[in-house]
Amino acid sequence: MSERGIVISKQDFDLMEKAAQQAEARGAKNAYLVAGRAGFVVNLPSRTVVTALDNREQSIVTQIDSVVFLDKLDR
């Protein structure tokens, strides 16, 4: 995340965790969490951020089974 200049606050982390729980409850395993211009590929069972992206630089995301749109991150 630091390589891409993406910083998240504790509040952001909590928002992402809530979204991860909701996606996992619906059967998702690998979700793309979209928050403003940032996106995070998250392996839900392990709660691991696999990739953090700036959506303006990357328009294709693979190896996911769901997309969750979040409120804008705390900036």
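Our subject is the structure that appears above.
On a predicted model such as this, the values are computed, not experimentally measured, just so you know. (Residues numbered from 1 in each chain as written. Predicted model: local features only at pLDDT ≥ 70, side-chain atom pairs only at ≥ 80, totals over all residues. Heavy atoms only, no water.)

(A) Seen up close, the overall build of the protein chain. Scanning the protein chain for helices and strands turns up one helix and four strands. Its helices and strands in sequence order give the protein chain the pattern α-β-β-β-β, from N to C terminus. For 75 residues, the compact-globule estimate of 2.2 N^0.38 gives 11 Å, and the C-alpha radius of gyration of the protein chain, at 11 Å, lies within 12% of that figure. The C-alpha extent of the protein chain, read off along each of the three principal axes, is 30 × 25 × 20 Å. (Helix = DSSP H or I, 4+ residues; strand = E, 2+ residues; numbered from the N terminus. Rg over C-alpha atoms; globule rule 2.2 N^0.38 Å.)

(B) Examining the environment of valine 34 more closely. By the secondary structure assignment, valine 34 is in strand S1 (residues 30–35). Considering only alpha carbons, one finds valine 34 and phenylalanine 69, 35 residues apart in sequence, at a separation of 4.8 Å.

(C) Expanded view of the sheet that holds strand S4 (residues 66–69). Strand order in the open sheet formed by four strands is S3-S2-S1-S4, and the pairing between neighbours is mixed. Edge strands, defined here as strands with exactly one partner in the open sheet, are strand S3 (48–54) and S4. Between one strand axis and the next, the sheet turns through 20 degrees on average, direction left out of account. Two elements, S1 and S4, share four bridges in a ladder whose sense is parallel. Following the sheet pairing, leucine 33 is matched in S4 by valine 68. (Pairing = 2+ DSSP bridges. Axes fitted to C-alpha atoms, helices over the stretch in contact; angles between N-to-C directions.)

Bear in mind that shape data such as this cannot, by itself, settle questions of function.
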